[in-house]
Amino acid sequence: MTENVKTQHDWQSPEYVEQWINYVASDGERRQLRLRRAASLLPLADLPHPRVLDLGGGYGEFSRQVLAEFPEAGVCLQDYSAPMLDRARSVLAEFGPRVVYRRCDLRDSTWIEQVEGPFDAVVSSLTTHNLGDPDAVRRVYGQVHSLLRPGGWFFNLDLVLDVVMSSSRTPLAALYARGSGHPHGAHVHEDAPGGARFAELTLEGNLAWLREAGFDEVDCVYKEFDQVFLAAHRRN
């Protein structure tokens with residue numbers, strides 16, 4: 001994160017959202033490869049018209065990869081930020097009616113009704129950790145499980161923040177800082193309101209919460225420093 005980027009997210013500010021997208025785009029090729037790889041692993045090819053929910057889909061990059069990979073798929077892109085959804089409509093314009101957009105807040109329990117499930121898969125990138133509250137993450141995991149059809153998958157590409165937000169500045173935290181590009185071990189959420197709870201969003205915690213939500217098979221299939229790819233399967 002450069003010095004010019006705020007450390008408190010302001011998702012309703014067009015200026016901040018533009019700044020955040022530009023920051024994420026600085027890792028654009030690697031990010032696109034991660035999302036493309038994840039999309040390609042979704043077992044949707046044999047379904048006639050699969051439905052996918054992009055949870056906290058932002059400006060639409062994960063949705064774009066899913067729609068390109070599966071020409072018969074439709075995506076519901078959910079996000080809380082109006083400026084993000086405006087950008088997503090531009091990014092995904094070529095896919096026309098294959099995409100629907102829903103503006104709703106994951107902290108409001110009614111979001112689950114607004115996205116109109118069920119879905120064959122749910123994908124998410126850089127979203128659930130922004131809830132900043134383990135209780136909220138657990139609740140959302142349970143809601144995601146209820147939205148999936150039997151046999152459905154939840155792919156969550158996110159951050160685990162316990163190491164990079166360690167107040168002790170351990171050697172491991174310094175290693176993560178060098179590897180993930182966060183200067184001096186500081187994370188972009190450090191100044192956020194209630195930020196102390198970000199450190200509770202551990203890898204082990206996320207896996208436990210997914211199992212608690214009812215998923216039958218759960219794993220971290222990829223990890224690089226604070227970036228993780230969590231996969232959770234619902235059998236029935």
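Not measured: the values here are computed from a predicted model.

Definitions and limits used
Residues numbered from 1 in each chain as written. Predicted model: local features only at pLDDT ≥ 70, side-chain atom pairs only at ≥ 80, totals over all residues. Heavy atoms only, no water. Helix = DSSP H or I, 4+ residues; strand = E, 2+ residues; numbered from the N terminus. Buried < 20%, exposed > 50% of the residue type's maximum accessible area, 1.4 Å probe, protein only. Contact = heavy atoms within 4.5 Å. Areas by Shrake-Rupley, 256 points an atom, 1.4 Å probe, with all protein chains shown as cover. Phe/Tyr/Trp six-rings, centres within 6.5 Å; stacked < 30°, edge-to-face > 60°. Arc of directions from axis to C-beta. Salt bridge = Lys/Arg side-chain N within 4 Å of Asp/Glu carboxyl O. Pairing = 2+ DSSP bridges. Right-handed = clockwise from strand over helix to strand, strands pointing away.

Our focus in this paragraph is the overall build of the protein. Helices and strands together make up the secondary structure of the protein, namely 8 helices and 7 strands. The burial tally for the protein puts 51% of its 236 residues in the buried class. For the protein, the proportion of contacts with a sequence separation of at least 24, taken over those separated by at least 6, is 69%. Per element, the accessible surface of the protein, about 10,900 Å² overall, is 51% carbon and sulfur.

This paragraph deals with the packing of aromatic side chains. A complete count under the given rule lists 7 aromatic pairs for this structure. Judged by centre distance (5.9 Å) and plane angle (65°), the ring pair of W153 and F155 falls under edge-to-face. The exposure class of W153 is partly exposed, given its relative accessible area of 24%. With relative accessibility at 4%, the residue F155 sits in the buried group. On the basis of an interplanar angle of 80° and a centroid distance of 5.7 Å, the ring pair of Y176 and F225 is categorised as edge-to-face. Placement of Y176 in helix α7 (residues 171–180) and of F225 in the loop between β6 (217–224) and β7 (227–233) is noted, with a sequence separation of 49 residues between them. Grouped by ring-pair contacts, the aromatic residues W11, Y16 and W20 constitute a single cluster.

Let's shift gears to α7. When α7 is considered as a whole, its buried residues turn out to be A173, Y176, A177 and S180. The buried residues of α7 occupy an angular sector of 100° when projected down its axis, which confines them to one face. Away from its buried face, by an angle of more than 90 degrees, α7 presents the exposed residues P171 and R178. Looking at the packing, one finds that the buried side of α7 touches β6.

Here we come to the pattern of salt bridges. All chains considered together, the criterion is met by 11 salt bridges. Between E61 and R64 there is a salt bridge; the shortest N-O distance is 2.9 Å. Of this pair, E61 and R64 both sit in helix α3 (residues 61–69), 3 residues apart, which is roughly one turn of the helix. The exposure class assigned to E61 is buried, which follows from its relative accessible area of 7%. Close ionic contact of R197 with E200 constitutes a salt bridge, the shortest N to O distance being 3.0 Å. Among the ionic contacts, a cluster of salt bridges with common partners joins D133, D135, R197 and E200.

The side chains of a regular strand alternate between the sheet's two faces. Here strand β2 (residues 74–79) runs beside strand β3 (residues 99–103); their pairing, made up of 5 bridges, is parallel. Bridging from a neighbouring strand, V75 pairs with V99 of β3. Between β2 and its parallel partner β3, the chain crosses via helix α4 (residues 82–91), and the hand of that crossover is right-handed.

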